[in-house]
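Close look at the chain arrangement
These are the residues of each chain, in order.
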Amino acid sequence: MITRRMLMAASAGVAMLGQTALTASAQEDTVKIGLILPMTGPFSSTGRQVEAGARTYMEMNGDTAAGKTVELIVRDDAGTADQTRRIAQELVVNEGVNVLAGFGLTPLALSVGPVLNQANIPAVIMAAATASITKESEYYTRTSFTLPQASVPVATWANENDINRVVTLVTDYGPGIDAETWFTKEFTENGGEIVEAVRVPLENPDFAPYLQRVRDSEPDAVFVFLPSGVGSLFMRQFTERGLNEAGIRLIATGDVTDDDLLNEMGEPAIGTITGHHYSAAHESPENEAFVESFEEANDGMRPNFMAIGGYDGMHLIYAALEETEGEVDGDALMEAIKGLSWTSPRGPVSIDPETRDIIQNIYMREVEEVDGELYNVEFETYEAVKDPAKAEDSAE
Ligand code: DHB
């Protein structure tokens, strides 16, 4: 005899099965991207810019790729490597993410290497920029830049512009050491002299004593790398210590003249020469559309080079999904990523199939006032620059 209770149990079972099937098909139709960034702490401007860049891409291009819904899951690691790794594990195991992305600083990017290798999951580095990171796992790719890529053209410019004696001043960790090494190599091979190499701590930097040392060395110029977000403090102390008045030129990678802080830096920033891959003032229809959408969605905040890393990182994921026709297997996605090329708001870019790093133009820029605002105005282009640190590896 079939009891009422049996019927109820059976229909509950069917309902549950139905629900499971629905969840599974919703999952199959969704691609989950775990975006891990420093949203709080001293490097929160990087997190804010990268997230806004990624969201601007989705705003402008929709939330589907190869017929799948793209879901962004944003998590804050507060700039601490232990947390980055723990969050990555949690996103893989509990959320079932298909791709990890973000990574605001080199140690944060490096911390997830073992997770990627275990889970066969791609990691799109949208911010961190030490050259060697991408060698640590086959699952890393990068849409930011590398410090050797940006520093070598600055050295060439210095060699060609009557700058003979330079002090280098960099933050004392991966990207700073890359900047110091590659600027020095290029500059001295072409006849320049490094008078002194100064390294500043990453945590709570006070530049004043270091700038005094620079001033005392009386160089023609100081070459600087600092991580994104501290440029305005540096510029204030540079002026307070009278380096401008002493006729010491400031040359740097574009991390020092962040687009979102530049107006705050004011007059002292004018004339600073930098090399970098992105300026909000880059003249192209793609960049005009990007800057307009970004500013509209973010209360007028200007996108900096971190934002373009987030924007292009999303493009890379969408384009790889189109290439695999929606297949989310990590190895398939990595194969699809290699060699992809597109027109970014920064200019033409591609992913080096050998290194999984971005190949891009590096622009020389000068800080100028345009219509009452400060911009990094591009005046020279080095086309399709590969990471020089990797070029050296393959020649060995
Ligand atoms: C890194 C961080 C930055 O803010 C930056 O501008 C460049 C490099 C890094 O930690 O890799």
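For the structure itself, consult the block above.
Residue positions are given per chain, counting from 1 as you read along its sequence in written order. Owing to the predicted nature of the model, reporting of local features is limited to residues with pLDDT of at least 70; listing and counting of side-chain atom pairs is limited to 80 or more, with chain, interface and lining totals taken over all residues. Water and hydrogen atoms play no part in the side-chain values, which are based on all heavy atoms of the structure.

1. Concerning the packing of aromatic side chains
Any pair of Phe, Tyr and Trp rings, taking the six-membered ring for Trp, is counted once the centres come within 6.5 Å. Such a pair is stacked with planes under 30 degrees apart, edge-to-face with planes over 60 apart, and tilted for the rest. Under the defined criterion, the tally for this structure stands at 10 aromatic pairs. Between the aromatic rings of Phe207 and Phe234, the centroid separation amounts to 5.3 Å while the plane-to-plane angle is 80°, which identifies the pairing as edge-to-face. One end of the pair, Phe207, is in the loop between β8 (193-200) and α8 (208-217); the other, Phe234, is in helix α9 (residues 231-240), with 27 residues separating them in the sequence. For the pair Phe207 and Phe234, a shared accessibility class is recorded, and that class is buried. A network of ring pairs unites the aromatic residues Tyr57, Tyr278, Phe290, Phe294, Tyr311 and Tyr318 as a single cluster. Distance and angle both matter: a charge sits over a ring if NZ of Lys or CZ of Arg is within 6 Å of the ring centre and within 35 degrees of the ring normal. One Lys or Arg, Arg302, reaches over the ring of Tyr375 and ends 3.8 Å from the middle of that ring. Helical segments are the DSSP runs of H or I of at least four residues, strand segments are the runs of E of at least two, and each set is numbered from the N terminus. To sort residues, take the accessible area from a 1.4 Å probe on protein chains only and compare it with the maximum for the residue type: under 20% means buried, over 50% means exposed, and anything in between is partly exposed.

2. Some thoughts on the site of the ligand
If even one non-hydrogen atom of a residue comes within 4 Å of a molecule or strand, that residue is called near it. The environment of the ligand is made up of 14 residues, and the closest members are Thr106, Ala129, Tyr173, Ser228 and Asp255. Polar contact criterion, stated in full: a pair of N or O atoms within 3.5 Å, where within protein one must be able to donate a hydrogen and the other to accept it, and residues adjacent in sequence count only if both atoms are side-chain atoms. Measuring from an oxygen atom of the ligand, one finds a backbone N or O atom of Ser228 at 2.8 Å. All accessible areas in this document rest on Shrake-Rupley with a 1.4 Å probe, and a residue is counted as covered only by the protein chains that are shown. Burial of the ligand by the surrounding chains reaches 100%, relative to a free accessible area of 290 Å². Any residue that is not Ala, Val, Leu, Ile, Met, Phe, Trp, Tyr, Cys, Pro, Asp, Glu, Lys or Arg is counted as polar, Gly included; the first ten are nonpolar and the last four charged. The residue makeup of the shell around the ligand, split by class, is 9 nonpolar, 4 polar and 1 charged.

3. What to know about the environment of Ala123
Relative to the helices and strands, Ala123 resides in strand β5 (residues 123-125). Overall, Ala123 belongs to the buried group, its relative accessible area being 0%. Excluding residues within four positions of it along the chain, Ala123 makes contact with Leu100, Phe103, Leu116, Tyr139, Tyr140 and Thr141. Contact criterion: two residues are considered in contact whenever any of their non-hydrogen atoms come within 4.5 Å of each other.

4. Describing the nonpolar core
Buried Ala, Val, Leu, Ile, Met, Phe, Trp, Tyr and Cys residues that are joined via side-chain atoms within 4.5 Å together make up what is termed a nonpolar core. Formed by 88 residues in total, the largest nonpolar core has its most connected members in Ile33, Leu100, Phe103, Phe183, Ile251, Phe290 and Met314. Among the elements that make up this core, the one with the highest residue count is helix α12 (residues 305-323) (12 residues). An automatic or database domain assignment is the source of the domain bounds shown. Two domains each donate at least three residues to this core, and these are domain 1 (26-145 + 283-356) and domain 2 (148-276 + 362-395). Residues within four places of Met314 in sequence aside, it is in contact with Ile33, Ala54, Tyr57, Met58, Val70, Leu72 and Met126. Among the nonpolar cores identified, the runner-up in size contains 25 residues, and Val214, Ile248, Val256 and Val367 belong to it.

5. Digging into the packing of helix α2 (residues 44-61) against α12
At a closest axis distance of 7 Å, the pairing of α2 and α12 adopts a crossing angle of 45°. By the criterion of interaxial angle, the relationship of α2 to α12 is oblique. Once α2 is placed against α12, the crossing between them reads as right-handed. Across from Thr46, Gln49, Val50, Gly53, Ala54, Thr56, Tyr57, Met58, Met60 and Asn61 in α2, the residues of α12 making contact are Met306, Ala307, Gly310, Tyr311, Met314, His315 and Tyr318. Here the axes come from fitting lines to C-alpha atoms, over the contacting stretch only for helices, and the angles between their N-to-C directions go from 0 to 180 degrees. An angle below 35 degrees is treated as roughly parallel, one above 145 as roughly antiparallel, one from 65 to 115 as roughly perpendicular, and anything else as oblique. For any pair of crossing helices, the crossing counts as left-handed if the nearer helix is rotated counterclockwise from the farther one by less than a right angle, and right-handed if it is rotated clockwise.

6. Considering α8
Of all the positions in α8, only Ala208, Leu211, Val214 and Ser217 are classed as buried. Of the surrounding elements, those touching the buried residues of α8 are β7 (165-171), β8, β9 (221-225) and α9. Looking one or two residues beyond α8, the residue adopting positive phi is Glu218, at roughly 45°.

7. Quick look at the sheet that holds strand β4 (residues 99-102)
Within a sheet, neighbouring strands are paired by backbone hydrogen bonds and run either parallel or antiparallel to one another. One bridge is not enough; two strands pair if DSSP finds at least two bridges between them. Taking strand neighbours across the sheet as the criterion, the 6 strands line up as β2-β3-β1-β4-β5-β6 in an open arrangement whose pairing is mixed. The open sheet terminates on both sides in strands that have one partner only, identified here as β2 (64-65) and β6 (140-142). Of the strand pairs in this sheet, β5 and β6 are connected by 3 bridges, and their pairing is parallel. Along β6, the bridge assignment pairs Ile125 with Arg142. In this fold α2 packs onto β1 (30-37) and β3 (68-76), with an angle of close to 170° to the strand it touches most, β3.

8. Let's talk about α12
It helps to recall that an α-helix has 3.6 residues per turn; residues three or four apart then point in one direction. The first and last C-alpha atoms of α12 sit 27 Å apart over 19 residues, in line with the 27 Å expected at 1.5 Å per residue. Extensive coverage of α12 is indicated by the burial of 17 of its 19 residues. Capping the start of α12 is the job of one residue whose side-chain oxygen sits 2.8 Å from the backbone nitrogen of Met306: Asn304. Expected helix span is given by 1.5 Å per residue-to-residue step, counting one fewer step than there are residues.

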